[in-house]
Number of protein chains: 2
Amino acid sequence: MGGDNAPQTIVEGVETARDEFLDVEFVLYGDRAQIDPLIHNTERITLVQADEQIDMNDEPVRAIRRKKNSSMVMAATAVKNGEADALFSCGNTGALLAAGLLLVGRIKGISRPGLVSTLPVVSSDNESFNLLDSGANADSKAEQLYQYALLGKYYATSVRGIKEPRIGLLNNGTEPHKGSKLNLEAHKLIAADKSINFVGNVESRDLLDGVCDVVVADGFTGNAVLKAIEGTASSVMHLLKNTIMNAGVSGKLGALLLKSSLGQIKSKMDQSQYGGAVLLGVKAPVVKAHGASDGKTVYYTIKQIKSMIDGQMLPNFTEYFSAQQKQAQASDSENAEK
Amino acid sequence: MGGDNAPQTIVEGVETARDEFLDVEFVLYGDRAQIDPLIHNTERITLVQADEQIDMNDEPVRAIRRKKNSSMVMAATAVKNGEADALFSCGNTGALLAAGLLLVGRIKGISRPGLVSTLPVVSSDNESFNLLDSGANADSKAEQLYQYALLGKYYATSVRGIKEPRIGLLNNGTEPHKGSKLNLEAHKLIAADKSINFVGNVESRDLLDGVCDVVVADGFTGNAVLKAIEGTASSVMHLLKNTIMNAGVSGKLGALLLKSSLGQIKSKMDQSQYGGAVLLGVKAPVVKAHGASDGKTVYYTIKQIKSMIDGQMLPNFTEYFSAQQKQAQASDSENAEK
């Protein structure tokens with residue numbers, strides 16, 4: 001029920017995905033009266049009535065605690081109870097993150113789940129990069145940034161099929177001695193883990209050039225960088241359009257001749273093909289697509305979720321972090337014996 | 001001597017500015033043998049020999065302390081001694097910031113000087129906005145962000161002639177309760193000062209749309225956002241160029257028809273007309289223009305420095321912060337008497 005064009009575009013995307021992915025089943029939570037007439041074919045689509053709805057003005061944690069019959073809480077509860085494998089919404093981001101943390105629950109050993117976003121590498125045809133934390137936490141610790149490097153690595157491997165993803169740490173200079181206290185500490189932790197293909201510090205100006213596959217940042221800076229990239233791309237495209245519109249007859253003719261080129265640029269910068277933002281570090285994929293998502297974005301996001309599940313991302317996370325915990329416990333008790 | 005095209009472009013810009021601003025005198029520090037032949041007319045230009053030079057690989061603080069005969073240290077010392085009113089360089093940014101802090105010196109009452117950058121408002125014809133701290137400090141306190149709001153206010157008034165500049169706080173949401181601990185605290189301090197026209201939290205995606213005149217940020221996030229905006233604008237323009245080049249005959253014809261429009265966009269995004277980044281909170285303007293600056297940028301930066309001096313920015317800073325200090329001391333001793 002969440003998003004600007006729900007439930008229409010959700011149903012569209014689900015039906016396209018259902019037709020392509022024959023092993024996927026869908027459970028839609030929401031207002032049956034609104035959703036039912038939109039479905040063309042109910043094959044592998046179950047509709048569950050939800051009497052309430054969390055809207056954009058709801059305070060996230062409060063809404064998750066109080067609105068037990070909302071589509072979001074009901075869907076998250078189904079994931080918690082093992083009745084569904086992943087949670088997907090185009091609604092209130094804060095509420096979805098709260099549902100992920102409070103209902104789906106953290107993986108043992110993870111300090112703070114982080115949100116991973118996917119952005120285009122502009123200089124290449126079909127590359128992209130991941131940024132996390134892109135906004136789940138406003139305050140972060142070095143240990144958490146280190147965990148984001150690990151989570152990002154497994155994500156890039158499962159979903160994008162990159163064998164040894166290049167992990168970079170977002171910083172205000174590329175030299176190892178640069179940065180805030182937080183980043184200096186995180187740099188040491190990540191560099192010390194030889195299982196990570198760490199390319200060191202990266203600057204935000206080089207991200208769209210594909211300087212690495214996964215960029216680790218604290219959630220405050222990551223969010224600011226994500227929105228700066230989105231805002232700048234949109235402003236420049238807007239400026240281009242306006243300038244052409246005001247360029248008279250020759251401008252319009254030029255634009256006509258360049259129509260397909262300009263369309264290519266727009267589609268390159270269009271993030272819908274990269275799916276949604278994923279809360280990593282919880283027990284199942286919890287995925288947020290943009291409120292303005294169309295059916296295509298919904299379809300791509302389902303494809304992205306399928307990759308996470310097919311790529312065994314969650315079992316890999318869980319195994320890794322529980323092994324780490326056991327190791328830490330063993331070394332603790334060893335130290336205690338000494 | 002600093003920058004990719006020094007001393008050629010520096011001399012070009014200085015001569016243009018000298019011809020326009022008849023009350024400005026210039027002292028150039030550097031290698032006389034290189035600079036002298038470039039000067040067409042020595043009117044109001046004094047050349048002082050500097051035997052050393054700080055280059056891009058020098059460690060900033062160490063270079064300022066050791067290279068006493070470098071052009072940067074000699075120029076900063078002249079400002080310190082009152083022989084010059086402002087310090088301008090296209091060289092090593094870190095070294096220039098260190099020269100500002102260690103030689104020119106902080107204004108009494110200022111905790112940490114911050115770097116202010118100027119960026120275009122894309123949706124308007126000739127508007128711009130200021131971002132500070134854009135990278136002088138990697139770690140900040142709330143009190144420092146509050147001082148940036150004040151410094152930014154005086155800067156926008158002096159240099160850009162804005163009577164009551166709209167000050168925004170960079171955050172990951174516009175609601176007052178959003179943000180990191182640092183930002184929540186800074187928000188309270190800024191909002192409590194009624195001399196500031198505070199528009200509240202602003203998001204990085206809205207900056208190029210002119211959501212405010214001055215954006216306050218911690219130096220780590222400010223730097224990341226600045227570089228994300230620069231990098232994205234440059235990537236999109238690059239993508240545009242490549243796509244058009246690959247679009248065959250019709251693409252080339254279209255580009256020809258749109259030549260002046262595309263030129264307009266490039267010039268809009270070109271930051272040279274906005275001058276350099278200024279270290280605010282030190283006793284004189286300390287200004288850094290891009291290493292790749294051409295003569296035009298050098299000229300604009302001198303114009304910008306002249307506005308700071310004509311607009312009485314420094315006397316205003318000093319008066320304000322010393323009055324604040326006296327007030328704080330008075331209330332301290334009052335409390336002590338109780």
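Please refer to the structure placed before this passage.
Residues numbered from 1 in each chain as written. Chains lettered and ligands numbered in written order. Predicted model: local features only at pLDDT ≥ 70, side-chain atom pairs only at ≥ 80, totals over all residues. Heavy atoms only, no water.

Undergrad: Looking at this structure, how should I read the overall build of chain A?
TA: Looking only at helices and strands, chain A has 12 helices and 10 strands in total. For chain A, the C-alpha radius of gyration of 21 Å lies close to 20 Å, the compact-globule estimate for 338 residues. Dimensions of chain A along its principal axes, counting C-alpha atoms only, are 80 × 50 × 35 Å. Here chain A holds 338 residues, and 54% of them are scored as buried. The contacts in chain A between residues at least 6 apart in sequence include a share of 68% that link residues at least 24 apart. Accessible surface computed for chain A: about 15300 Å², of which carbon and sulfur atoms make up 49%. Positive and negative charge centroids in chain A, built from 35 and 39 side chains respectively, lie 4 Å apart. (Helix = DSSP H or I, 4+ residues; strand = E, 2+ residues; numbered from the N terminus. Rg over C-alpha atoms; globule rule 2.2 N^0.38 Å. Buried < 20%, exposed > 50% of the residue type's maximum accessible area, 1.4 Å probe, protein only. Contact = heavy atoms within 4.5 Å. Areas by Shrake-Rupley, 256 points an atom, 1.4 Å probe, with all protein chains shown as cover. Lys, Arg positive; Asp, Glu negative; His and termini not counted. Charge placed at Lys NZ, Arg CZ, Asp CG, Glu CD.)

Undergrad: Would you explain the pattern of salt bridges in this entry?
TA: Side chains that carry opposite charge are capable of pairing whenever their charged atoms lie near each other. In this structure the tally under the stated criterion is 20 salt bridges over all chains. R18(A) serves as the salt-bridge partner of E15(A), at 2.8 Å between the closest nitrogen and oxygen. With E15(A) and R18(A) both in helix α1 (residues 8–20) and 3 residues apart, the pair spans about one turn of that helix. A relative accessible area of 1% means that R18(A) is categorised as buried. A salt bridge links R18(B) to D19(B); its shortest N-O distance comes to 2.8 Å. Sharing partners across several salt bridges, the network here consists of E203(A), R205(A), K227(B) and E230(B). (Salt bridge = Lys/Arg side-chain N within 4 Å of Asp/Glu carboxyl O.)

Undergrad: Got a minute to help me understand the relation of the copies chain B and chain A in this structure?
TA: Turning one copy of the chain about an axis and sliding it along that axis gives the other copy, so a rotation and a shift relate them. Placing chain B over chain A gives an RMSD of 0.0 Å and needs a rotation angle of 180°, together with 0.0 Å of translation along the axis. Between the two chains, the operation in question is that of a two-fold axis. Taking the C-alpha atom as reference, chain B places G254(B) closest to the rotation axis, 1.9 Å from it. The share of interface residues of chain B whose copies in chain A are also at the interface is 100%, consistent with both copies meeting through the same surface. (Least-squares fit on C-alpha atoms with pLDDT ≥ 70 in both.)

Undergrad: Sorry if this is basic, but what is going on with unusual backbone geometry here?
TA: Most peptide bonds adopt trans geometry, and most residues besides glycine take a negative phi value. Backbone torsion omega between A6(A) and P7(A) reads -5°, so that peptide bond is classified as cis. Between L132(B) and the following residue, D133(B), the backbone shows a cis peptide bond with an omega angle of -5°. Relative to the assigned elements, D133(B) resides in the loop between β5 (128–132) and α6 (142–160). The backbone of Q312(B) shows a phi angle near 60°, a positive value even though the residue is not glycine.

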